[in-house]
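Next come the chains, spelled out residue by residue.
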Amino acid sequence: MGFHLAPTGVLAIAAVLSALAGCATTTDQEAVNETLRARAIAGDFNSIAVTNIRCTARTEECAKSHAVKGDACLRLAIKEPAGASAQDAKMRELLDCAATGYRQALELQPDPKARSRVSYHGGLLLTLSERRNRLDDVREKKLDRENEKLLMAAQDARREVPESALGFLYGASAHLYRATLLPAGRDRCNDLRQANSLLQRSPAPLPQLADEQGRIDGLVREQLRNNRCPRIRRL
């Protein structure tokens, strides 16, 4: 339906790899992180995707290890043919791997203010968006369920990293998507208003996301008009 925030994925991937490249590792994690770093630089994402990350300590190093595996799986999923469904075994495995990696990274990152949390949230949001968008040909209930997961993840991102536009943009995208699953008309207005509110409250996005923010904003305005929603005074 065109609500996929592809530029966010590029930013999230770049941030994760940059963080990994500059990390100072502990003795236990040094060999694993050095191997992951070398493979990431070489573009060997298949090897990273099948690496068993055993680290479970709440440390920066463990979090980065899980995030870079999630990143590798997400890259591989995005490279799958456009027609590949999230119901296909390979695609489902890659997206599950990506989501698990980013969730583990968020759980194990000990510093709630760490800058890396922005990239981890961004990776998870892109993963959930990719899964939803790969389900466009299945039953509406499943689409709605996957979109709700994206809505909740966007809410978490806004709470934990409110200085980032990611949670606001993905949240607006998810509300817009949910509106289109409802019958045309006033039934759509509540979600459209929420999407509009998130866009108005969003911090300024990075330059790479400015066009995407404008695109989503334009879609929300169009839907508000087409569904004859009461006019909202813009701040």
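Refer to the structure printed above.
Now for a description of the structure that goes with this document. None of the values given here were measured: they were computed from a predicted structure.

1. Description of the packing of aromatic side chains
Then comes step 1: Under the criterion given, the structure shown has zero aromatic pairs.
Then comes step 2: Over the aromatic face of Y177 sits the side chain of R132, whose NZ or CZ is 4.0 Å from the ring centroid.
Then comes step 3: The ring of F168 has R158 lying over it, and the distance from NZ or CZ to the ring centre is 6.0 Å.

2. Here's the deal with the state of the cysteines
Then comes step 1: Per the counting criterion, the structure on display carries three disulfides.
Then comes step 2: Between C55 and C62 runs a disulfide, and the two sulfur atoms are separated by 1.4 Å.
Then comes step 3: C62 sits in the buried class, given a relative accessible area of 2%.
Then comes step 4: Covalent S-S linkage joins C73 and C97, the inter-sulfur distance amounting to 2.0 Å. Here the disulfide of C73 and C97 is right-handed, its torsion about the S-S bond being about 55 degrees. With C73 in helix α4 (residues 60–79) and C97 in helix α5 (residues 89–108), this residue pair connects regions lying 24 residues apart in the sequence. In this structure, C73 and C97 share a single accessibility class: buried.
Then comes step 5: The cystine pairing of the chain, numbering bonded cysteines in sequence order, is 1-2, 3-4, 5-6.

3. Observations regarding unusual backbone geometry
Then comes step 1: Phi at R228 takes a positive value of approximately 55 degrees, unusual for a residue other than glycine.
Then comes step 2: Position of R228 among the secondary structure elements: in the segment after α10 (207–226).

4. Some thoughts on the nonpolar core
Then comes step 1: In this structure, L125 and V220 are the most contacted members of the largest nonpolar core, which totals 57 residues.
Then comes step 2: No other element matches α5, which puts 10 residues into this core.
Then comes step 3: Sequence-distant contacts of V220, defined by excluding residues within four places in its chain, comprise L176, L192, A195, N196 and L199.

5. A word on the pattern of salt bridges
Then comes step 1: Taken as a whole, this structure holds 13 salt bridges when the rule is applied.
Then comes step 2: The residue E60 makes a salt bridge to K64 at a minimum N-O spacing of 3.3 Å. Placement of both E60 and K64 in helix α4 is noted, with a separation of four residues, approximately one turn of the helix.
Then comes step 3: A relative accessible area of 23% means that E60 is categorised as partly exposed.
Then comes step 4: Residues R131 and E146 are paired through a salt bridge, measuring 3.7 Å at the closest nitrogen-oxygen approach. Taken together, the positions of R131 in helix α6 (residues 116–133) and E146 in helix α7 (residues 140–160) put the pair 15 residues apart, joining distant regions of the chain. When sorted by exposure, R131 lands in the same class as E146, which is buried.
Then comes step 5: A network of salt bridges, in which partner residues are shared, links D96, R131, E146 and K149.

6. Considering the environment of N52
Then comes step 1: Assignment of secondary structure puts N52 in the loop between α3 (45–49) and α4.
Then comes step 2: N52 sits in the exposed class, given a relative accessible area of 51%.
Then comes step 3: Here the alpha-carbon distance between N52 and K69, two residues 17 residues apart in the chain, equals 9.0 Å.

7. Side note on the packing of helix α9 (residues 189–201) against α10
Packed helices, taken two at a time, are described by the angle between their axes plus the distance between the axes.
Then comes step 1: Between α9 and α10, whose axes approach to 10 Å, the crossing angle comes to 145 degrees. In this structure, α9 meets α10 at a crossing whose hand is left-handed. Facing L192, R193, A195, N196 and L199 of α9, the residues of α10 in contact are Q213, I216, D217, V220, Q223 and L224.
Then comes step 2: Among the residues making up the contact of α9 with α10, the classes are represented as six nonpolar, three polar and two charged.

Analysis parameters
Residues numbered from 1 in each chain as written. Predicted model: local features only at pLDDT ≥ 70, side-chain atom pairs only at ≥ 80, totals over all residues. Heavy atoms only, no water. Phe/Tyr/Trp six-rings, centres within 6.5 Å; stacked < 30°, edge-to-face > 60°. Lys NZ or Arg CZ within 6 Å of the ring centre and 35° of its normal. Disulfide = S-S within 2.5 Å. Buried < 20%, exposed > 50% of the residue type's maximum accessible area, 1.4 Å probe, protein only. Helix = DSSP H or I, 4+ residues; strand = E, 2+ residues; numbered from the N terminus. Core = buried A, V, L, I, M, F, W, Y, C linked by side-chain atoms within 4.5 Å. Contact = heavy atoms within 4.5 Å. Salt bridge = Lys/Arg side-chain N within 4 Å of Asp/Glu carboxyl O. Axes fitted to C-alpha atoms, helices over the stretch in contact; angles between N-to-C directions. Left-handed = near helix turned anticlockwise from the far one by under 90°. Nonpolar A, V, L, I, M, F, W, Y, C, P; charged D, E, K, R; others polar.

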